[in-house]
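Listed here are the chains, written in short residue letters.
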Amino acid sequence: MKIAVLGGDGYCGWATALYLSNQGHSVAIVDNFVRRQWDHELNAQTLTPIRPLSDRLRVWQSLTGKTIESFYGDVCDYEFLAATICDFEPDAVVHFAEQRSAPYSMIDRNHAVFTQVNNVVGTLNLLFALREHRPDCHLVKLGTMGEYGTPNIDIEEGYIAIEHNGRKDVLPFPKQPGSFYHLSKVHDSHNIMFTCKIWGLRATDLNQGVVYGTMTDETAMDEALINRFDYDDVFGTVLNRFCIQAAIGQPLTVYGKGGQTRGFLDIRDTVRCIEIACDNPAGRGECRVYNQFTEQFCVRDLADMVVAAGRKMGLSVDIDHLQDPRVEAEDHYYNAKHSKLIELGLQPHYLSDSLLDSLMNIAIKYKDRVDASLMFPQVNWREPRNDRRLQMGKTARTSLAAPRFENGAAESLVRARTKSVRSKG
Ligand code: NAD
Ligand code: USQ
């Protein structure tokens, strides 16, 4: 199958592109490297030293003999996106290419506007490009469990049967997103559902939970293929952050009471879920919704598990309860259905001590790259403007004025939001 992976230079996208290529699919990556630019903006870097995409693809080809094509450009640029779809002629498009951090979207007005324009316009462009040039192509879109919020009833997979005033219907499950980022995903979902109805597009909206881990069989083949591992307060997700905090001897940053419960999955399951969705396409006019996670945990329990795993490794790990910078329920009912991907063949990798060990060991290996000042949350949902630079130390401010570029990221910064370039990996 020919599969285009939009956002294929990012955390989920890179692991997915390699996995699909290894399974024998013909893969193309589409990306504008804006994620690498945000690292510079935030004065943060991934724990793991990631190589420029061209290097990654060259090494992949030399190790496996498989070629991944790459298209450099912005999905918000319709001409670029349409030309890419016409050129590559995908059977499936996997769409990861969005701004995915809730705290980033809550920094201030500019970041909220950027997030919603980037995400909603990019997805809308893709829907139009598919309608005009590839109407039979299957769209596999990454949504988020956070679209549903934390209702006091069970969460269904996309739709709920309702009886109201004696009449029945099956309707989209109510949405209660908790950030401007999560709101952008809700808007995407509506646009996707609408275009399946009016144009007969085929789509699978994958409401993914929080992803943890960094290694897949493919990214572990060579250091040059290593995946991102974000730990800063803006892009780092909770379990990845806790493992790094434990490894460097910092207390785990539990926000509020820690009763916040979310769905979680191993990145090895992310890549398999995408393959399952591609292998079982939605019908014409169908908009399917799958909840893509394997286990649910509350933040407090995750912290306890990391403390216990750290103790076995000889690490002494403390927990800090910080005031919650977000506006969210800190103790609540949560029961989200997630059986559809399992029914289609997903065999989950459940969270285990050995996985926590391996995450902490990766953190120990790269601990010289960790900037501990990035652990403290600096984006407060209650404030319309959060100036992270004012809250950072002097050193951080100096280096913001003169950003350090490495691994070709300067190149991508300069080229971001310019016209497209196509290359073979
Ligand atoms: P990421 O930021 O690591 O990767 C996103 C990639 O998309 C980056 O390489 C970025 O450069 C690219 N991109 C963004 N905007 C673009 C644009 N306008 N044009 C071209 N490329 C663009 O994010 P991720 O963690 O890999 O997440 C991927 C998707 O999965 C997102 O849609 C996110 O909402 C969803 N998701 C992620 C998680 C998680 O825990 N990481 C959980 C649930 C859902
Ligand atoms: N949290 C802490 N301490 C931390 C970091 C986070 O207690 O140091 C808490 C948060 O307050 C929140 C929970 O952990 O209650 C999850 O936060 P997170 O930063 O791990 O994840 P989130 O902001 O929800 O976003 C991530 C991805 C996003 C994806 C989402 C899936 O960045 O792209 O959409 O997970 S979900 O959570 O299901 O919406």
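Structure first, text after, so check above.
Residues numbered from 1 in each chain as written. Chains lettered and ligands numbered in written order. Predicted model: local features only at pLDDT ≥ 70, side-chain atom pairs only at ≥ 80, totals over all residues. Heavy atoms only, no water.

Participant: Account for the overall build of the protein chain, naming residues and giving values.
Facilitator: Each helix and strand in the protein chain was counted, giving 15 helices and 15 strands. Considered along the principal axes of its C-alpha atoms, the protein chain spans approximately 60 × 55 × 40 Å. Put simply, the protein chain has 425 residues, and 56% of those count as buried. Entry remark: accessible area of the protein chain is about 17400 Å², with carbon and sulfur atoms responsible for 51%. Taking the average place of the 47 positive charges on the side chains of the protein chain and the average place of its 54 negative ones, the gap between the two points comes to 3 Å. (Helix = DSSP H or I, 4+ residues; strand = E, 2+ residues; numbered from the N terminus. Buried < 20%, exposed > 50% of the residue type's maximum accessible area, 1.4 Å probe, protein only. Areas by Shrake-Rupley, 256 points an atom, 1.4 Å probe, with all protein chains shown as cover. Lys, Arg positive; Asp, Glu negative; His and termini not counted. Charge placed at Lys NZ, Arg CZ, Asp CG, Glu CD.)

Participant: Account for the site of ligand 1, naming residues and giving values.
Facilitator: In the vicinity of ligand 1 lie 27 residues, with Cys12, Asp31, Asn118, Tyr181 and Lys185 positioned nearest. Between an oxygen atom of ligand 1 and a main-chain N or O atom of glycine 10, the distance comes to 3.1 Å. Between ligand 1 and the protein, one listed contact pairs an oxygen atom with a backbone N or O atom of cysteine 12 at 2.7 Å. Isolated, ligand 1 exposes 820 Å² of accessible area, and the fraction of that covered by the protein chains is 98%. Of all elements in the fold, only helix H1 (11-22), helix H2 (34-42), strand E5 (138-144), helix H7 (180-199) and strand E9 (210-212) reach the threshold of two or more residues within the shell around ligand 1. Residues that form the shell around ligand 1 fall into these classes: 11 nonpolar, eight polar and eight charged. (Near = heavy atom within 4 Å. Polar contact = N/O pair within 3.5 Å; in protein donor to acceptor, adjacent residues only side chain to side chain. Nonpolar A, V, L, I, M, F, W, Y, C, P; charged D, E, K, R; others polar.)

Participant: Give a description of the sheet that holds E9 that names residues and reports values.
Facilitator: Reading across the sheet, the three strands line up as E9-E11-E13 and stay open at both edges, with mixed pairing between neighbours. The strands lining the two open edges of the sheet, one partner per strand, are E9 and strand E13 (295-298). Put simply, the sheet's adjacent strands are angled 45 degrees from each other on average, direction ignored. Where strand E11 (residues 261-266) lies against E13, four bridges are found, and the strand directions are antiparallel. Opposite threonine 261, over in E13, you have cysteine 298 as the bridge partner. (Pairing = 2+ DSSP bridges. Axes fitted to C-alpha atoms, helices over the stretch in contact; angles between N-to-C directions.)

Participant: Let's hear about the pairing of strand E6 (residues 159-164): which residues, and what values?
Facilitator: Relative to strand E7 (residues 167-172), E6 runs antiparallel, the two being bridged by six bridges. If you follow glutamate 163 over to E7, its bridge partner there is lysine 168. The antiparallel pairing of E6 with E7 creates a hairpin that spans two residues between the two strands, and asparagine 165 there sits at a positive phi of about 50 degrees.

Participant: Could you give me a rundown of the nonpolar core, with the residues and numbers involved?
Facilitator: One finds Leu47 and Val306 to be the most contacted residues of the largest nonpolar core, which totals 47 residues. Elements with a minimum of two residues in this core: H2, helix H5 (102-105), helix H8 (238-247), strand E10 (252-255), helix H10 (299-312) and helix H12 (353-365). Excluding residues that lie within four positions of it along the chain, leucine 47 makes contacts with Phe229, Tyr231, Ile244, Ile362, Ala363, Tyr366, Arg369 and Val370. (Core = buried A, V, L, I, M, F, W, Y, C linked by side-chain atoms within 4.5 Å. Contact = heavy atoms within 4.5 Å.)

Participant: A description of the pattern of salt bridges should follow, citing residues and the corresponding values.
Facilitator: Tallied over the full model, the rule gives 22 salt bridges. Put simply, arginine 36 and aspartate 9 hold a salt bridge, and the shortest N to O gap is 2.7 Å. You can see arginine 36 sitting in helix H2 and its partner aspartate 9 sitting in the loop between strand E1 (2-6) and H1, a full 27 residues away along the chain. Neither arginine 36 nor aspartate 9 differs from the other in exposure class; each is buried. Across the pair glutamate 147 and lysine 175 runs a salt bridge, and its minimum N-O distance is 3.2 Å. Of the two residues, glutamate 147 is situated in the loop between E5 and E6 and lysine 175 in the loop between E7 and H7; the sequence distance between them amounts to 28 residues. A relative accessible area of 24% means that lysine 175 is categorised as partly exposed. (Salt bridge = Lys/Arg side-chain N within 4 Å of Asp/Glu carboxyl O.)

Participant: If you had to explain the environment of alanine 224 to someone new, which residues and values would you point to?
Facilitator: Counting through the fold element by element, alanine 224 comes out in the loop between E9 and H8. Given a relative accessible area of 2%, alanine 224 falls into the buried group. Each C-alpha atom, one on alanine 224 and one on aspartate 55, is 7.6 Å from the other, the two residues being 169 residues apart in sequence. Non-local contacts of alanine 224, meaning those with residues more than four positions away in its chain, are made with Arg51, Arg56 and Val59.

Participant: Talk me through the packing of aromatic side chains; I want residue IDs and the actual numbers.
Facilitator: In total, this model carries nine aromatic pairs according to the counting rule given. Geometrically, the ring pair formed by phenylalanine 33 and tyrosine 72 is stacked, given 5.4 Å between the ring centres and 20 degrees between the ring planes. Taken as a pair, phenylalanine 33 in the loop between strand E2 (26-31) and H2 and tyrosine 72 in strand E3 (residues 69-72) lie far apart in primary sequence, 39 residues in all. For the pair phenylalanine 33 and tyrosine 72, a shared accessibility class is recorded, and that class is buried. With 5.9 Å between their ring centres and 80 degrees between their planes, tryptophan 38 and phenylalanine 114 make a pair best called edge-to-face. Within this pair, whereas tryptophan 38 is found in helix H2, its partner phenylalanine 114 is found in helix H6 (residues 109-133), the two being separated by 76 residues in sequence. With relative accessibility at 5%, the residue tryptophan 38 sits in the buried group. Pairwise contacts between aromatic rings join Trp38, Tyr104, Phe114 and Phe235 into one cluster. (Phe/Tyr/Trp six-rings, centres within 6.5 Å; stacked < 30°, edge-to-face > 60°.)

Participant: Hey, could you go over unusual backbone geometry for me, with residue numbers and the actual values?
Facilitator: The phi dihedral of asparagine 43 falls on the positive side, at around 55 degrees, and the residue is not glycine. Accessibility expressed as a relative area gives 13% for asparagine 43, which makes it buried. Backbone geometry at glutamate 89 places phi at a positive 55 degrees, although glycine is not the residue there. Mapped onto the elements of the fold, glutamate 89 is located in the loop between helix H4 (78-88) and strand E4 (92-95).

Participant: Outline the site of ligand 2, listing residues and values.
Facilitator: Every one of the 22 residues lining ligand 2 counts as a neighbour, but Arg100, Tyr181, Val238, Thr253 and Glu328 are closest to it. In this structure, arginine 100 approaches ligand 2 through a main-chain N or O atom, which is 2.7 Å from an oxygen atom. Of all the secondary-structure elements, those providing two or more residues to the shell around ligand 2 are H7, H8 and E10. Here the shell around ligand 2 takes three residues from E10, the largest share from any one element. A class-by-class count of the residues in the shell around ligand 2 yields eight nonpolar, nine polar and five charged.

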